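If you want the building blocks of each chain, they are given just below.
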Amino acid sequence: GEDGSGEALIKRVVALEGDTVEVKNRGQLYINGEVQDEPFTNENARYRFGPVIVPKGCVFVLGDNRNESLDGHVWGFLPKENIIGRATLKFW
């Protein structure tokens, strides 16, 4: 992540290379013009973003806590080679 700590961050991959990403209409996520159903988010985003096209070799990631997350809407696209794993368990 861009936090400079070297820590691994867990984020959700929401778009792949070539996809168009936009956050609009009261914080709803749109991928390629289609609104996404995201029951796992804490709340809709309180920001607008995009539209942007994910470049080749990258993905776009967002945190589930959209308004408090350091994620793609702050630091941009994530190169695929920076993905280090997959989260398989959610614990609260």
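Given the structure is predicted, the values throughout are model-derived calculations rather than measurements. (Residues numbered from 1 in each chain as written. Predicted model: local features only at pLDDT ≥ 70, side-chain atom pairs only at ≥ 80, totals over all residues. Heavy atoms only, no water.)

Trainee: If you had to explain the nonpolar core to someone new, which residues and values would you point to?
Mentor: Of all hydrophobic cores here, the largest spans 13 residues; its most connected members are Ala 15, Val 21, Leu 29 and Phe 60. When contributions to this core are tallied by element, the ones reaching two or more residues are strand S1 (12-16), strand S2 (20-24), strand S3 (28-31) and strand S6 (58-62). Sort the elements by how many residues they give to this core and S6 lands first, with three residues. For Val 21, the residues in contact, after removing those within four places along its chain, are Ala 15, Leu 29, Tyr 30, Ile 31, Phe 49, Gly 50, Pro 51, Val 52, Val 54 and Phe 60. (Core = buried A, V, L, I, M, F, W, Y, C linked by side-chain atoms within 4.5 Å. Buried < 20%, exposed > 50% of the residue type's maximum accessible area, 1.4 Å probe, protein only. Helix = DSSP H or I, 4+ residues; strand = E, 2+ residues; numbered from the N terminus. Contact = heavy atoms within 4.5 Å.)

Trainee: Before we move on, can you summarise unusual backbone geometry with the specific residues and values?
Mentor: Residue Pro 51 is bonded to the preceding Gly 50 through a cis peptide linkage, with omega at 10°. Tracing the sequence through the fold places Pro 51 in strand S5 (residues 49-53). Its identity as a non-glycine residue notwithstanding, Arg 26 has a phi of 65°, on the positive side. Inspection of the secondary structure puts Arg 26 in the loop between S2 and S3.

Trainee: So what's going on with a nonpolar patch on the surface? Residues and values would help.
Mentor: A cluster of nonpolar residues, Val 13, Leu 16 and Ile 83, forms a patch on the protein surface that exposes about 250 Å² of accessible area. Within the fold, Val 13 resides in strand S1. A residue is classified by how much of its surface remains accessible, and Val 13, at 43% relative accessible area, is partly exposed. (Patch = residues over 30% accessible without salt bridge, like charges linked within 9 Å, V, L, I, M, F, W, Y side chains within 5 Å. Areas by Shrake-Rupley, 256 points an atom, 1.4 Å probe, with all protein chains shown as cover. Salt bridge = Lys/Arg side-chain N within 4 Å of Asp/Glu carboxyl O.)

Trainee: If you had to explain the packing of aromatic side chains to someone new, which residues and values would you point to?
Mentor: With the rule as written, the count across this model stands at two aromatic pairs. Each residue in the set Phe 49, Phe 60 and Phe 77 is aromatic and connected to the rest through ring pairs, giving one cluster. Positioned above the aromatic ring of Phe 40 is the side chain of Arg 12, whose terminal nitrogen or guanidinium carbon lies 3.5 Å from the ring centre. A cation sits over an aromatic face here: Lys 24 above Tyr 30, 4.7 Å from the ring centre. (Phe/Tyr/Trp six-rings, centres within 6.5 Å; stacked < 30°, edge-to-face > 60°. Lys NZ or Arg CZ within 6 Å of the ring centre and 35° of its normal.)

Trainee: An account of the environment of Ile 31 is requested, with residue identities and associated values reported.
Mentor: Following the sequence through the fold, Ile 31 ends up in strand S3. When the C-alpha atoms of Ile 31 and Ala 15 are compared, they prove to be 6.9 Å apart, with 16 residues separating the residues in sequence. In this structure, Ile 31 is in contact with Val 14, Ala 15, Asp 19, Thr 20, Val 21 and Gln 36, ignoring residues within four places of it in sequence.

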